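# Residue-level structural notes
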Amino acid sequence: MISEILLLDTIDKVREFVDIANTKECQITLKSGNVAVDGKSIMSVFGLDLTKPIEMEADCKCGFDFSKQIDKFIYKK
């Protein structure tokens, strides 16, 4: 299980993240407040409040590879 806080505050970031997520054979969930959506669905992701950081949970075994690919989206305070 991989858990990260992401910032997907532009259309290009959302598109790139969803493209990466769709290459993985695992479930990826994005959460904002009480709302949880499929991280592989671009329409679902756009339903979140993307002005704030969102929580990502990925139930996959490709941990290091996936973490490296999404590093640019990780929210750094």
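Okay, so let's go over this structure. (Residues numbered from 1 in each chain as written. Predicted model: local features only at pLDDT ≥ 70, side-chain atom pairs only at ≥ 80, totals over all residues. Heavy atoms only, no water.)

Here the focus is the side chain of Thr-29. Residue position: Thr-29 is located in strand β2 (residues 27-32). Residue classification places Thr-29 among the buried positions, given a relative accessible area of 16%. Excluding residues that lie within four positions of it along the chain, Thr-29 makes contacts with Ala-36, Val-37, Gly-39, Glu-55, Met-56 and Glu-57. (Helix = DSSP H or I, 4+ residues; strand = E, 2+ residues; numbered from the N terminus. Buried < 20%, exposed > 50% of the residue type's maximum accessible area, 1.4 Å probe, protein only. Contact = heavy atoms within 4.5 Å.)

The next subject is the sheet that holds strand β4 (residues 54-59). Spatial strand order, β1-β4-β2-β3: four strands in an open sheet with antiparallel pairing. Two strands bound the open sheet, and with one partner strand each, they are β1 (2-6) and β3 (35-38). Adjacent strand axes in the sheet meet at a mean angle of 25 degrees, parallel and antiparallel pairs treated alike. Pairing geometry for β2 and β3, over four bridges, is antiparallel. Pairing of Lys-31 across the sheet is with Ala-36, part of β3. (Pairing = 2+ DSSP bridges. Axes fitted to C-alpha atoms, helices over the stretch in contact; angles between N-to-C directions.)

Inspection of the secondary structure puts Ile-74 in the segment after α3 (63-69). Judged by its relative accessible area of 18%, Ile-74 is buried. Between the alpha carbons of Ile-74 and Ile-5 there is a distance of 5.8 Å; along the sequence they are 69 residues apart. If near-sequence neighbours (up to four positions away) are discounted, Ile-74 is found in contact with Glu-4, Ile-5 and Leu-6.

Right, let's get into the side chain of Ser-32. In this structure, Ser-32 sits in strand β2. Residue Ser-32 is classed as buried on the basis of its relative accessible area, which comes to 16%. The contacts of Ser-32, once residues within four sequence positions are left out, are Leu-48, Asp-49 and Ile-54.

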